[in-house]
Amino acid sequence: MAEPVVQQTEAVTTAATSQSESSSKFIQTALRFAELSKLAYHDYPVVLERLPEYYHLQAEMEICDKHTDTQGFIASDSSSVVVAFRGTDAFIDILLGLKFVPVPIGPGLAYAHEGYVNAVNAVYTSTVEKLKPHLGQKQLFITGHSLGAALASLLAYRLSLDYPTCQPHLYAFGCP
């Protein structure tokens, strides 16, 4: 009877080690996207400088709408594309947060905060045009902090509706 116990112990140890390695990789990935969310708070010239140096990503596009103060960037490497949104950083962002009436976000019964929907809608077309060549070719990661997390969530939702094969990976930090 001792042999099956040893075999079971080895299997449990192997499973625990595998789970630990998987958890470690998830945490490293989450930290990377937290850092990219933080980078979105910087002016675009800083983003351009730091993306290749620290993250081995190439900048694809600055996301910027002055009316809604929506800001962020799109960057990529050979296997993935990242969309990162900046969070609350100015008084206009606070005003955006006060527009909290639920409005439709896409077809169906989905509703979201009016200010956030307006902000995503303001940059949706230009963002999608830049992402289209990557959709289905590379993994898509969308991230943001605070207000940026809300925008990231809504962009991921819209993309999953408009491009069902897209399957974005969402990393949202401090989402309202």
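Every value quoted in this text rests on a predicted model; they were computed, and no experiment measured them. (Residues numbered from 1 in each chain as written. Predicted model: local features only at pLDDT ≥ 70, side-chain atom pairs only at ≥ 80, totals over all residues. Heavy atoms only, no water.)

Section: helix H4 (residues 114–131)
Rule in force here: What counts as a helix is a DSSP run of H or I of at least four residues, what counts as a strand is a run of E of at least two, and both are numbered from the N terminus. Expected helix span is taken as 1.5 Å per residue step, with the number of steps being one fewer than the number of residues. Axes are fitted to the seven residues ending at a residue and to the seven starting at it; the angle between these axes is taken as the bend at that residue. The classification of residues rests on relative accessible area computed with a 1.4 Å probe and restricted to protein chains. Under 20% of the type maximum is buried, over 50% is exposed, and intermediate values are partly exposed.
Compared with the 26 Å implied by 1.5 Å per residue over 18 residues, the 24 Å span of H4 between its first and last C-alpha is a close match. Taking the largest bend as the criterion, H4 deviates by roughly 50 degrees, centred on Tyr124. Within H4, the full set of buried residues consists of Gly115, Tyr116, Val117, Ala119, Val120, Val123, Tyr124, Thr127, Val128 and Leu131.

Considerations on the packing of aromatic side chains
Put simply, the rule is: Under the pairing criterion, centres of Phe, Tyr and Trp rings, with the six-membered ring standing for Trp, must be within 6.5 Å; the plane angle then separates stacked pairs below 30 degrees from edge-to-face pairs above 60, leaving the rest tilted. Charge-over-ring contacts are defined here by two conditions on Lys NZ or Arg CZ: a distance within 6 Å of the ring centre and an angle within 35 degrees of the ring normal.
Under the defined criterion, the tally for this structure stands at 5 aromatic pairs. Between Phe141 and Tyr171 the ring centres are 6.4 Å apart and the planes differ by 40 degrees, which places this aromatic pair in the tilted class. Taken together, the positions of Phe141 in strand S6 (residues 139–145) and Tyr171 in strand S7 (residues 169–173) put the pair 30 residues apart, joining distant regions of the chain. Put simply, the rings of Phe26, Phe33, Phe141 and Tyr171 touch in pairs and so form one group of aromatic residues. One cation-aromatic arrangement involves Arg158 over Tyr124; the distance from NZ or CZ to the ring centre is 3.7 Å.

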